[in-house]
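Below, each chain spelled out in residue letters.
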Amino acid sequence: ISRFPLIPVRGVPLMCSIANNWDSVWSFCPDPADLLIATYPKAGTTWTQEIVDLLLHNGDAEACKRAPTPVRSPFLEIFSPPPIPSGLDYLKNMDPPRIIKTHLPFQLVPTGFWENKCKVIYVSRNAKDNLVSYFHFDCMNMTQPEPGPWEGYISKFMHGELSWGSWYDHVKGYWAEREKRNILYLFYEDMKEKRNILYLFYEDMKENPRREVERIMRYLDLSVSDEVISRIVELTSFKNMKENPMTNYSCVPPPVFDQSISPFMRKGEVGDWRNHFTPEQSKMFDEDYEKQMKGVNIPFRDLI
Ligand code: A3P
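Just so you know, these numbers come straight off a predicted model, no measurement behind them.

S.K.: Explanation requested: the nonpolar core in the structure shown.
M.R.: It is characteristic of soluble globular proteins that their nonpolar side chains tend to be buried jointly. Grouped together as the largest cluster of nonpolar side chains are 87 residues, with contacts concentrated most on W167 and F285. Of all the elements, helix α7 (residues 127-140) adds the most residues to this core, at seven residues.

Here it is, written out as structure tokens:
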């Protein structure tokens, strides 16, 4: 296991295991029934995957355990270091409908997802908390480049130099597509709800998990009982997911993830950035944020 440098793919820095196999990622063609869960890393991917998985299994946690992958849904991208198997290999052996996870920015998602009108759930998280979570993750994930000191890490985040590129471009890319479809489906309420990207916010999930689970349920055209919803909310609480071997990534042992440095299920809170940013760092970040997000009105919260 080595902390290899990142390699740009169309200007986006990616792990070399992905960049070196880019053709097979780019040519992947999903089934129309497949669901894509897309996120910038550390925005709430695992949480959303778990909710979706439980919804599809009517809240039956035992049935979820029989999933073909040790860590929820497979990654679209290639992950080579053992013991993490390649997501693409998993996908080849699974029947649709498959839940596929990706951290790719919008422009690098294989076009088959759009051509086949696959459902897409995008999860976003306010930039400062996302950055903090990513910093701790890079400390413990030995396949990512060294995070270096905190101060420099903020700068790398602001300049889009981390794995998967710019957070700003990422959240804006999927948002722009969502807005485009909103206009396209203006007169078709149902299409607008069901055929658009479902754009979720981590802060909303924390505020009212039940409401967000129900939102996902409607998007997936599922109908589960109130009792099952309650069970799903309980099973996907931070506390339960931290203890659950299917979600706490204990299946990715050292030397890949060293959870003694920082657990995968670390804190699960909104506003932890206040414990990391100095007032000066926060001010500098806010000024740059305004420039990078100019003209885009994505309703992020708890940022100031
Ligand atoms: P923190 O590092 O802030 O604790 P991802 O799955 O995209 O890698 O995101 C991981 C982040 O989501 C971590 O954030 C993790 O603790 C948080 N998380 C995972 N499951 C959660 C849950 N059920 N409730 C709240 N936060 C959760």
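Having seen the model, we can carry on.
S.K.: How should the site of the ligand be read in this particular structure?
M.R.: Around the ligand, the surrounding shell holds 19 residues, and the nearest of these are T45, T46, S133, Y202 and K267. For the ligand, whose free accessible area comes to 560 Å², the fraction covered by protein is 98%. The greatest single-element share of the shell around the ligand, amounting to three residues, is contributed by helix α3 (residues 45-56). A per-class count over the shell around the ligand returns seven nonpolar, seven polar and five charged.

S.K.: It is not clear to me how the side chain of T143 should be interpreted in this structure. Could you clarify?
M.R.: Checked against the element boundaries, T143 lands in the loop between α7 and α8 (150-158). Exposure remark for T143: the relative accessible area of 9% places this residue in the buried category. Side chain to side chain, T143 and N141 meet in a polar contact 2.7 Å long.

How each quantity is defined
Residues numbered from 1 in each chain as written. Predicted model: local features only at pLDDT ≥ 70, side-chain atom pairs only at ≥ 80, totals over all residues. Heavy atoms only, no water. Core = buried A, V, L, I, M, F, W, Y, C linked by side-chain atoms within 4.5 Å. Buried < 20%, exposed > 50% of the residue type's maximum accessible area, 1.4 Å probe, protein only. Helix = DSSP H or I, 4+ residues; strand = E, 2+ residues; numbered from the N terminus. Near = heavy atom within 4 Å. Areas by Shrake-Rupley, 256 points an atom, 1.4 Å probe, with all protein chains shown as cover. Nonpolar A, V, L, I, M, F, W, Y, C, P; charged D, E, K, R; others polar. Polar contact = N/O pair within 3.5 Å; in protein donor to acceptor, adjacent residues only side chain to side chain.

From the geometry alone we can't say anything about function, so treat these as descriptive.
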